[in-house]
Amino acid sequence: MKRILASFVALALSASAAFAHDFTLGSLEIDHPASRATLPGQPVGGGFMTITNKGTEADRLVSITAPDVSDDVQLHEMAVENDVMKMRQLPDGIEIPAGATVELKSGGLHVMFMRIKHPFKEGEKFKATLTFEKAGAIDVDFTIGAARPGAGQGNGAAAGHGGHGG
Ligand SMILES: [Cu+2]
């Protein structure tokens, strides 16, 4: 009976984790790390998530590693400069102010997996480790959603993403 109960609890826990897909590290809550399926020949993949800091001290996402998919994972920002959408690397990482929610999404702050080792396929997932300046490191899963709508049709944002993969 004990054993049946234990496996039922484990099942219930894993089901709710799969549904919510969020991760907690100290006072940080990391919600739904996700990427998108890549197009043939696309050398980079984007990473998106929402990070909420429920603490009273600012923290900072300083690095991400994901050796299964990339040996060079960068933190980027997209911003409009002189009417041109540009992407730049954030060598100091991304600040998560106390009490704030920071959204990493396409067209804004995002993760970029450079020179990916294999194409990202919709419905698959991969592991990554996020490192924060104060809270430390946490392992998360990135789920891979559908390819970016309109990608590969030469719009500025998509071209910018593909273009700097080197
Ligand atoms: Cu980027």
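Residues numbered from 1 in each chain as written. Predicted model: local features only at pLDDT ≥ 70, side-chain atom pairs only at ≥ 80, totals over all residues.

Identification of the chain as Copper chaperone PCu(A)C from Shinella yambaruensis is taken from an unreviewed UniProt entry.

A. Just the overall build of the chain, in detail. Of the regular secondary structure elements, the chain holds two helices and eleven strands. Moving toward the C terminus, one meets the helices and strands of the chain in the order α-β-β-β-β-β-β-β-β-β-β-β-α. Counting the 166 residues in the chain, one finds 25% classified as buried. In the chain, the proportion of contacts linking residues at least 24 apart, taken out of those at least 6 apart, comes to 69%. (Helix = DSSP H or I, 4+ residues; strand = E, 2+ residues; numbered from the N terminus. Buried ≥ 20, exposed ≤ 12 C-beta atoms within 10 Å, placed from the backbone. Contact = placed C-beta atoms within 7 Å.)

B. Structural detail: the nonpolar core. Ala 66, Val 111, Phe 113, Ala 128 and Leu 130 are the most contacted members of the largest nonpolar core, which totals 27 residues. Elements with a minimum of two residues in this core: β2 (28–36), β3 (45–53), β4 (59–65), β5 (72–81), β9 (109–114), β10 (125–132) and β11 (136–145). The contact partners of Phe 113, leaving out residues within four places of it in the chain, are Val 44, Gly 45, Gly 47, Ala 66, Val 69, Ser 70 and Val 73. (Core = buried A, V, L, I, M, F, W, Y, C linked by C-beta atoms within 7 Å.)

C. Representation of the confidence of the model for the chain within the structure. Mean pLDDT over the chain stands at 86; residues scoring 70 or higher make up 77%. Segment residues 162–166 is flagged for pLDDT under 50; beyond a separation of four residues in sequence, or across chains, it makes seven contacts in the model. (pLDDT = per-residue confidence, 0-100.)

D. Main features of unusual backbone geometry. Phi at His 32 takes a positive value of approximately 50 degrees, unusual for a residue other than glycine. Positionally, His 32 belongs in strand β2. We classify His 32 as partly exposed; it has 15 C-beta atoms within 10 Å. Even without a glycine there, the phi angle at Asn 82 is positive, about 50 degrees. Inspection of the secondary structure assignment puts Asn 82 in the loop between β5 and β6 (84–89). The exposure class assigned to Asn 82 is exposed, which follows from the 5 C-beta atoms found within 10 Å.

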